[in-house]
Every structure is written in structure tokens, then in C-alpha cells.
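In case you want the letters, here they are:
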Amino acid sequence: MSSLETASETPRPSLPDLFTGFLKIGLMGFGGVGPVARHIIVAERNWLDDRAYAELMGICQALPGANTVNAAVMLGDRFRGGIGALTCVFALMAMPLLCLVALANGYDAVSGHPLAQTALTGAAASAAGLILGTALRLLTKAGLARWAWLMAAAAFVAVGVLRLPMLPTLLVLVPLGLVAATLGARRV
């Protein structure tokens, strides 16, 4: 039984809980929702543990679309069905859309100023740091087998260093990972 399946043993959050949780994720997720989503879903709300969250994000990474939107759909559906999925996605997107419209209007007024360009560069660097920090936290707490570390390293090198497209990389690494997991399970 996977960590995602055992996560269903925890009490199911209500629709208002799902709404406020994903509303908070959407509102706090400037520059990258991943670290905020992990904190709220795992540490604050205890909807999943770190291992189940890492598994969920692994699935969401392989699906088309934004990872956190995919996670909102999957968690909402798991806890409250279709209406839960819609609630989570609506809550996740509501505040960012409102903020984006307001910020776009403000940015339009100052976009030619050099300080605006410097601020955007700083925001991009902060977002990259948040993504790396979250990835390291997930990797260290996920309790990965040796083969899983090799798959993670191969994915990083292929996509991050060699700049290979993600879909072909996944089409190669996912079957290799399944073979490695099957062989690893037979040894145990």
C-alpha cells in the first residue's frame, strides 16, 4: 500500500477546510507555490505526510498542467469527490488571479523604470531558491531507495543540465524507475 493510499486513513477535511487551505496556498504562493503548498498540506493541515506528498508531487509532475493545480484536483477529489476538486482549484486560483490583475495594472505604470527590472530579477532568484529548498527537503524526508536517488539525479542532469525536454526524459526514466522498483521489491 502506498503512502498516498494510507493518507486516506486521516480524517477527511471538509469543503470549507479545503477551500481555506487552497485559498491560503494561492494567496501565499508568490514566486512559487511548491514550498507553501507543502507546508500547508503536510505541516499545517496534516492532510498528507512528507512521503505521501512526495509521491503526490511525483504523479503531478508527470501530468500535464501545473503541479499544484494537479495536486488540488487530486486531493480535492480524494477527500470530497468532484465538488472537492472544483473547490480546491477555484480556491487555489481565485486570489492569484485577483492579485495578478491588480499587479499587472501597477506594473504597466512602472515597467520602464530600472528598479522594476531589478525587482523582477530578485524575485526570480528567490523563486529558484524556494524551489531548490523544497526539492531538497522532499528528497531528504522521502526515504528514497538508492535506485530512486539515481532516477532523481538522472532527471536533474537530463532536464536541468543537458536541457533535454521533460516529456521524452520522463518516457525513458519512468519505465526505468518501474523496473528498478520491481527489482528492488523482489530483493526485499
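Bear in mind that the values here come from a model prediction, so they are computed numbers and not experimental data. The residue count restarts for each chain, going from 1 along the sequence in the order it is written. With pLDDT at 70 or above as the cut-off, local features in this predicted model cover only qualifying residues; side-chain atom pairs require 80 or more to be listed or tallied, and sums for whole chains, interfaces and linings still use all residues. Excluded from the side-chain calculation are hydrogens and water; included are all heavy atoms of the structure.

1. Thoughts on the side chain of D50
Next, step 1: Take D50: it is sitting in helix α4 (residues 50-62).
Next, step 2: In the analysis that follows, any N or O atom pair within 3.5 Å is treated as a polar contact, provided that within protein one partner can donate a hydrogen and the other can accept it, and provided that, for residues neighboring in sequence, both atoms belong to side chains. Engagement of the side chain of D50 in a polar contact is seen with the side chain of R38, the distance being 3.0 Å.
Next, step 3: Here a residue-residue contact requires only that any non-hydrogen atoms of the pair lie within 4.5 Å. Filtering out sequence-adjacent residues up to four positions away, D50 remains in contact with R38, V42, L138 and K141. Numbering of helices and strands runs from the N terminus, with a helix taken as a DSSP run of H or I at least four residues long and a strand as a DSSP run of E at least two residues long.

2. What about the pattern of salt bridges?
Next, step 1: Each reported salt bridge corresponds to a side-chain nitrogen of Lys or Arg within 4 Å of a carboxyl oxygen of Asp or Glu. Using the criterion set out here, one finds 4 salt bridges in the structure.
Next, step 2: Among the salt bridges present, the one from K24 reaches E44, with a minimum N-O distance of 2.8 Å. With a gap of 20 residues between them, K24 in helix α2 (residues 15-28) and E44 in helix α3 (residues 34-44) connect regions that are remote in the sequence.
Next, step 3: Residue K24 is classed as partly exposed on the basis of its relative accessible area, which comes to 29%.
Next, step 4: Residue E44 is classed as partly exposed on the basis of its relative accessible area of 32%.
Next, step 5: Here E55 and R51 are joined by a salt bridge, their closest N and O atoms 3.7 Å apart. In this pair, E55 and R51 both sit in helix α4, 4 residues apart, roughly one turn of the helix.
Next, step 6: When accessible area is computed with a 1.4 Å probe and restricted to protein chains, residues below 20% of their type maximum are described as buried, those above 50% as exposed, and intermediate ones as partly exposed. Its relative accessible area of 39% is what places R51 among the partly exposed residues.
Next, step 7: Where salt bridges share partners, they join K24, E44 and R45 into one cluster.

3. Some details on the packing of aromatic side chains
Next, step 1: A pair of Phe, Tyr and Trp rings is counted when the ring centres sit within 6.5 Å of each other, with Trp represented by its six-membered ring. The angle between the planes then sorts it: under 30 degrees is stacked, over 60 is edge-to-face, the rest tilted. The full count for this structure, using the stated rule, is 3 aromatic pairs.
Next, step 2: Centre to centre, the rings of F22 and W47 are 6.0 Å apart; their planes meet at 25°, and the pair counts as stacked. Here the residue F22 occupies a position in helix α2, and W47 occupies one in the loop between α3 and α4, the gap between them amounting to 25 residues. Pair check on accessibility: F22 and W47 agree, each one buried.
Next, step 3: Among the aromatic residues, those joined into a cluster by ring pairs are F22, W47 and F79.

4. Here we look at helix α7 (residues 146-161)
Next, step 1: Taking 1.5 Å of rise per residue, the 16 residues of α7 would be expected to cover 22 Å, and the 21 Å separating its terminal C-alpha atoms lies within 8% of that figure.
Next, step 2: Where α7 ends, the next residue or the one after it, R163, has phi of about 60°, a positive value. A helix is expected to reach a length of 1.5 Å times the quantity of its residues less one.

5. Concerning unusual backbone geometry
Of all residues except glycine, most have a negative phi; of all peptide bonds, most are trans.
Next, step 1: Here N46, not a glycine, exhibits a phi torsion of approximately 55°, which is positive.
Next, step 2: Although it is not a glycine, R163 adopts a positive phi angle of roughly 60°.
Next, step 3: Position of R163 relative to the elements: it lies in the loop between α7 and α8 (166-187).
Next, step 4: Take R163: its relative accessible area is 67%, and that puts it in the exposed class.

6. What about the environment of I25?
Next, step 1: The residue I25 is located in helix α2 in this model.
Next, step 2: For I25 and A37, which are 12 residues apart along the polypeptide, the C-alpha to C-alpha distance reads 5.6 Å.
Next, step 3: Leave out the neighbours within four places in its chain, and I25 touches V33, V36, A37, I40, I41, T68 and L92.

7. Digging into the nonpolar core
Next, step 1: The nonpolar core is taken to be a set of buried Ala, Val, Leu, Ile, Met, Phe, Trp, Tyr and Cys residues, with the residues joined through side-chain atoms within 4.5 Å. Counting residues in hydrophobic clusters, the biggest one holds 23 residues, and the most contacted among them are F22, I25, I41, L48, Y53 and L75.
Next, step 2: At the level of elements, α2, α3, α4 and α5 (67-110) are the ones that each hand at least two residues to this core.
Next, step 3: Broken down by element, this core gets its largest block of residues, 7 residues, from α5.

8. Remarks on the layout of surface pockets
Next, step 1: Think of a 1 Å grid over just the protein atoms. A cavity is a set of points where a 1.4 Å probe fits yet cannot get out, a pocket is an open set with protein on both sides within 12 Å along at least five of seven lines, and lining residues have an atom within 4 Å of a point. Grid points are joined across faces, edges and corners, and a volume is the space filled by probe spheres set on the points. Its boundaries defined by the atoms lining it, the largest pocket holds a volume of some 2100 Å³.
Next, step 2: Together, 46 residues line the largest pocket, and A54, M57, G58, Q61 and A152 are the ones closest to its centre.
Next, step 3: Those elements that place two or more of their residues in the lining of the largest pocket are α3, α4, α5, α6 (114-141), α7 and α8.
Next, step 4: With 10 residues, α7 is the largest single contributor of residues to the lining of the largest pocket.
Next, step 5: Class assignment of the residues belonging to the lining of the largest pocket gives a composition of 32 nonpolar, 12 polar and 2 charged. Amino acid classes used here: Ala, Val, Leu, Ile, Met, Phe, Trp, Tyr, Cys and Pro are nonpolar; Asp, Glu, Lys and Arg are charged; the rest, including Gly, are polar.

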